[in-house]
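These are the residues of each chain, in order.
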Amino acid sequence: MTDYSDLIKPDTGQAARSIHLVDSKTFDNWLKDQSERRRAAVAAQKFAGKGYELAILPDEKPDIWSVVIGVANVNSLSSWCLAKAAEALPEGTYRIEHHQPGPAMFGWLTAQYRFERYRRPDSRTGPRILLTNEVGKIEETVRLAQATALVRDLVNTPTADMGPSDLQAATEATAKEFHAKITVTRGDDLETGYPMIHAVGRAAGKDFAPRLIEMTWGNAKNPKIAIVGKGVCFDSGGLDIKPSSGMRLMKKDMGGAAHALALARLVMAARLPVHLHLLIPAVENAIGGNAFRPGDILTSRNGLTVEIGNTDAEGRLVLADALTKAGEDSPELILDFATLTGAARAALGPDIPALFANDDDLAQALLKEGDEIDDPVWRLPLWAAYADMLKSDIADINNAAENGFAGATTAALFLQKFVPEGTKWAHFDTFAWRPVAKPGRPKGGEALGLRAAWAMLANRYGGG
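Residues numbered from 1 in each chain as written. Predicted model: local features only at pLDDT ≥ 70, side-chain atom pairs only at ≥ 80, totals over all residues. Heavy atoms only, no water.

1. Details of unusual backbone geometry
Thought 1: For His-179, which is not a glycine, the phi torsion comes out positive at approximately 55°.
Thought 2: Locating His-179 in the fold gives a position in the loop between α6 (164–178) and β7 (181–186).
Thought 3: Despite not being glycine, Asp-374 has its phi angle at roughly 60°, a positive value.
Thought 4: By the secondary structure assignment, Asp-374 is in the loop between α13 (360–372) and β16 (378–379).
Thought 5: Overall, the relative accessible area of 28% leaves Asp-374 in the partly exposed class. (Helix = DSSP H or I, 4+ residues; strand = E, 2+ residues; numbered from the N terminus. Buried < 20%, exposed > 50% of the residue type's maximum accessible area, 1.4 Å probe, protein only.)

Dropping the structure here:
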């Protein structure tokens, strides 16, 4: 996991190159105050003070130079306004003149993320270090950047190296670091206790055998919270096989598990006063002679029978058994993350997770936090009338709506069947992937909704 701890440092007056910030309103006045040499340099670089633009400013001495960066609003920086500069500037130490970076520290860090596990070492630019007087914000920002990098690393790793056992190893490493307890259920115990997790994963090879990974941490007297993440390490679609184009990115189908583990890490690193229960159902939805079939009836952990309308709607099956287990400990709050439906992406695109919640105050808190920290989510309805779309003639419920309407909502309604009544619950249908790079956000695995969820927890339980 990327270490960002040396990329943001307290400003103690050490040597650093200056960064000047301008926006469309302040650019002209700023330019008037510059030397003729600097104005010429700005013109040569076609710098106009627009967002993400950057120009190098010469000084009288050739080895002394500074930077001007265009932002949307110099008095209200976003998470991403310095990210392109952090990607493009030469290595070195930088200080913003007359401003503090505030939220832009986060994008400064995430812009320097690299996934190089499978690449030969190259001569990339060294670290770009940013100075700040907001010393109290450094530790939290570094933790958020590291959690984001963890999601990216896990999602970017191909399934051959990120199967169920590898998810288990990543969880065990986190548990060891924070002195948490790990429990892994597999084999006969999984088949008996978590029959739908077992059914989805049973066709995989023995090295990719299904399991439920659990981690507990914190004082049992504290409020109980559960975090659940869909860990489908590869999804072929099962016997309802996906086309090859649909399988291309299915290494990312464990993105929910990556989010859940990263959020658990944030909880433990901040020593949030909660009793945490992390649950990751880890499987590969493979094809084989013993694969579960369309038309099969599965009996879930909570006793509901499920008719399989589509084997490619497997994520909700493994989540259902995990949600049932989470509810058995009577938590006051359950959060789950899943790369669950293409319908959510059709509705909201790749950048915005669909949020479903059974409590308006919880939903509002998540929406508010997401908007404030540039990690938006969008609430979709748990429209109860659509539950009829999941009716089965021969079982308690079908795992897929036959007509294909409201796919994200019907998937959430399916999950709600396995959440204890009275327990506050939020479900993030996230993409966990960025198809096109943006400043501070490279193409590939991505944390979407993670910071919004963390901010809600920190404010709710006294850590922020």
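2. Let's talk about the packing of aromatic side chains
Thought 1: Taken as a whole and judged by the stated rule, the model has 9 aromatic pairs.
Thought 2: Consider the rings of Phe-27 and Trp-30, whose centres lie 6.3 Å apart with planes at 25°: the pair is stacked. Of this pair, Phe-27 and Trp-30 both sit in helix α1 (residues 27–32), 3 residues apart, which is roughly one turn of the helix. An identical accessibility class is assigned to Phe-27 and Trp-30; each is buried.
Thought 3: Aromatic rings pair up to connect Phe-27, Trp-30 and Phe-47 into one cluster. (Phe/Tyr/Trp six-rings, centres within 6.5 Å; stacked < 30°, edge-to-face > 60°.)

3. Describing the pattern of salt bridges
Two side chains of opposite charge can pair, provided their charged atoms sit close to one another.
Thought 1: The full count for this structure, using the stated rule, is 21 salt bridges.
Thought 2: Linking Arg-143 and Glu-140 is a salt bridge whose minimum nitrogen-to-oxygen distance equals 3.0 Å. Here Glu-140 and Arg-143 lie together in helix α5 (residues 138–156), a separation of 3 residues that amounts to about one turn. (Salt bridge = Lys/Arg side-chain N within 4 Å of Asp/Glu carboxyl O.)

4. Details of the pairing of strand β15 (residues 354–357)
Thought 1: The side-chain alternation of β15 yields two buried faces, one formed by Ala-354 and Phe-356 and the other by Leu-355 and Ala-357.
Thought 2: Remark: the β15/α13/β16 crossover connection has right-handed handedness.
Thought 3: Looking at chain direction, β15 and strand β18 (residues 424–429) are connected through 4 bridges and run antiparallel. Bridge pairing links Phe-356 to His-427 in β18. (Right-handed = clockwise from strand over helix to strand, strands pointing away. Pairing = 2+ DSSP bridges.)

5. As for helix α10 (residues 255–269)
Thought 1: Helix length check: α10, at 15 residues, gives a terminal C-alpha distance of 21 Å against a target of 21 Å (1.5 Å per residue), a fit within 8%.
Thought 2: Most of α10 sits inside the fold, with 14 of its 15 residues counted as buried. (Expected span 1.5 Å × (residues − 1).)

6. Structural notes on the sheet that holds strand β5 (residues 92–96)
Thought 1: With mixed pairing, 6 strands are arranged side by side in an open sheet as β1-β6-β5-β2-β4-β3. Every other strand in the sheet has two partners, leaving β1 (8–10) and β3 (54–58) as the edge strands with one partner each. The mean angle between the axes of side-by-side strands here comes to 35°, regardless of whether they run parallel or antiparallel.
Thought 2: Judged from the 3 bridges that link them, β5 and strand β6 (residues 128–132) form a sheet pairing that is parallel. Across the sheet, Thr-93 pairs through a bridge with Ile-129, a residue of β6.
Thought 3: Together, β2 (17–22), β3 and β4 (65–70) form the strand contacts of helix α2 (residues 36–44), whose direction differs from that of β3 by roughly 150°. (Axes fitted to C-alpha atoms, helices over the stretch in contact; angles between N-to-C directions. Contact = heavy atoms within 4.5 Å.)

7. Let's talk about the sheet that holds strand β13 (residues 305–307)
Thought 1: Strand order in the open sheet formed by 3 strands is β12-β13-β17, with mixed pairing between adjacent strands. One side of each edge strand has no neighbouring strand; the edge strands of this open sheet are β12 (297–299) and β17 (397–398).
Thought 2: Pairing analysis gives 3 bridges linking β12 to β13, with the strands arranged antiparallel. Across the sheet, the residue bridging to Leu-298 is Val-306, located in β13.

8. A short note on the packing of α5 against α10
Thought 1: Between α5 and α10, the shortest axis-to-axis distance is 9 Å and the interhelical angle comes to 155°. As judged from the angle between their axes, α5 and α10 are roughly antiparallel. Seen along the crossing, α5 lies across α10 with a hand that is right-handed. For the pair α5 and α10, the contacting residues are Arg-143, Leu-144, Ala-147, Leu-150, Val-151, Leu-154 and Val-155 in the first and Gly-255, Ala-258, His-259, Leu-261, Ala-262, Arg-265, Leu-266 and Ala-269 in the second.
Thought 2: Split into classes, the residues belonging to the contact of α5 with α10 amount to 11 nonpolar, 2 polar and 2 charged. (Parallel < 35°, antiparallel > 145°, perpendicular 65-115°, else oblique. Left-handed = near helix turned anticlockwise from the far one by under 90°. Nonpolar A, V, L, I, M, F, W, Y, C, P; charged D, E, K, R; others polar.)

9. Considering the side chain of Glu-314
Thought 1: Turning to its location among the elements, Glu-314 is positioned in the loop between β13 and α11 (315–328).
Thought 2: Classification of Glu-314 as buried rests on a relative accessible area of 1%.
Thought 3: Once you skip the residues sitting within four places of it in the chain, Glu-314 turns out to touch Val-200, Lys-230, Val-232, Asp-235, Asp-253, Asn-285 and Phe-292.

10. With respect to helix α15 (residues 450–461)
Thought 1: For α15, which comprises 12 residues, the first-to-last C-alpha distance of 17 Å matches the rise-based estimate of 16 Å (1.5 Å per residue) to within 8%.
Thought 2: Most of α15 sits out of view: 10 of its 12 residues are buried.
Thought 3: Regarding α15, the residues found buried are Leu-450, Arg-451, Ala-452, Ala-453, Trp-454, Ala-455, Met-456, Leu-457, Ala-458 and Tyr-461.
Thought 4: Gly-462 sits one or two positions beyond α15 and adopts a positive phi of about 90°.

11. A closer look at the environment of Ala-291
Thought 1: Of note, Ala-291 is situated in the loop between β11 (275–285) and β12.
Thought 2: Taking C-alpha positions, Ala-291 is 7.4 Å from Ala-199, a pair spaced 92 residues apart along the chain.
Thought 3: The contact partners of Ala-291, leaving out residues within four places of it in the chain, are Arg-202, Ala-203, Leu-239 and Ala-286.

12. Quick word on the packing of α10 against α15
Between two packed helices, both the angle of their axes relative to each other and the distance between the axes serve to describe the pair.
Thought 1: As a packed pair, α10 and α15 sit with axes 10 Å apart at the nearest point and diverge in direction by 35°. Here the hand of the crossing between α10 and α15 comes out right-handed. For the pair formed by α10 and α15, the contact residues are His-259, Ala-262, Leu-263, Leu-266 and Val-267 on the first element and Leu-450, Ala-453, Trp-454 and Leu-457 on the second.

That is the geometry; function is a separate question.
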